[in-house]
Amino acid sequence: MLNAKIGKVGKVLVCGMKNVGKTALIEQLVYGNINADTELHPTIEDIYVASVDTGRGGARETLRIYDTAGLQGEQAAQLPRHYLQFPDAFVLVYDPTDPRSLDMLADIKTDIDKHKEKKEVPVIVLANVRARSKKDTPPATPNPVESIMDRANNWCQRERIKHYTVNVMERPSLYEPFTMLCARLHPPQTKSTFPQLRQVMQNRQKSEV
Ligand SMILES: Nc1nc2c(ncn2[C@@H]2O[C@H](COP(=O)(O)OP(=O)(O)O)[C@@H](O)[C@H]2O)c(=O)[nH]1
Ligand SMILES: [Mg+2]
């Protein structure tokens, strides 16, 4: 079958500061099992396999999602070197109530750029907005969350990366970023990916006319 998919699984690394909700986000995306009472243990490293809608007529692709130990502290804002080299895409997560978690992403992005060589590696940024419960005090004005998210949006525009606002407790809010990422990692293959084979087929079509 010439149009059978040649399954290359996209490897996606999820990183960011400790406690921003990376594990909760991946668990929610893959299993939908997270609610406000879920307790999670600190991550060392975990790998999840997700079947993600590409948004193209129900076609699904597989992503291998790597959860990492959250980065902590000033000097530790660096990913281990091998994390910079193997992924096909990066998902950077921050908590818009904590400016340090955003600053850390800038350092990570610089490191990613340094190591990516010439290949194109998609990077997206997710703001995990925690639902405010009714008993929380109303936000002070000006709302610092908004100013941190403005800063994030400006930075993402300069870096030409996409910024999404998600809420881990609402599973559907996670679909769009991962659908878009999946589509970027798996461009539509209407033609054979082998140029030589395509040439043979074109020649054959011509001779059949
Ligand atoms: N209410 C609320 N809790 C969250 C959210 N995201 C994560 N948590 C909780 O915060 C804690 C840390 O999350 P975790 O996913 O382990 O953070 P990680 O270190 O980035 O992997 C866990 O107990 C989660 O249940 C969220 O969006 N809303
Ligand atoms: Mg974790």
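For the protein chain, an unreviewed UniProt entry supplies the name NF-kappa-B inhibitor-interacting Ras-like protein and the organism Drosophila virilis. Per UniProt, the protein chain has the following entry under Sequence similarities (unreviewed entry): "Belongs to the small GTPase superfamily. Ras family. KappaB-Ras subfamily."

## Focus: helix H5 (residues 175-185)
Those residues of H5 that fall on the buried side of the exposure criterion are Pro177, Phe178, Leu181, Cys182 and Leu185. Along the long axis of H5, the arc covered by the buried residues comes to 130°, so they all point the same way.

## As for the sheet that holds strand S4 (residues 89-94)
Pairing in this open sheet of six strands is mixed, and the strands run S2-S3-S1-S4-S5-S6 from one edge to the other. The sheet is open, and its two edges are formed by strand S2 (45-53) and strand S6 (162-166), each paired on a single side. Adjacent strand axes in the sheet meet at a mean angle of 25° when their direction is disregarded. Two elements, strand S5 (residues 123-128) and S6, share five bridges in a ladder whose sense is parallel. Each residue of the ladder has a partner; that of alanine 127, found in S6, is threonine 165. Packed onto the sheet, H5 meets strand S1 (10-16), S2, strand S3 (60-68), S4, S5 and S6 and runs at close to 85° relative to S2.

What counts, and at which threshold
- Residues numbered from 1 in each chain as written.
- Chains lettered and ligands numbered in written order.
- Predicted model: local features only at pLDDT ≥ 70, side-chain atom pairs only at ≥ 80, totals over all residues.
- UniProt positions renumbered as here; feature names shortened; annotations may be inferred.
- Buried ≥ 20, exposed ≤ 12 C-beta atoms within 10 Å, placed from the backbone.
- Helix = DSSP H or I, 4+ residues; strand = E, 2+ residues; numbered from the N terminus.
- Arc of directions from axis to C-beta.
- Pairing = 2+ DSSP bridges.
- Axes fitted to C-alpha atoms, helices over the stretch in contact; angles between N-to-C directions.
- Contact = placed C-beta atoms within 7 Å.

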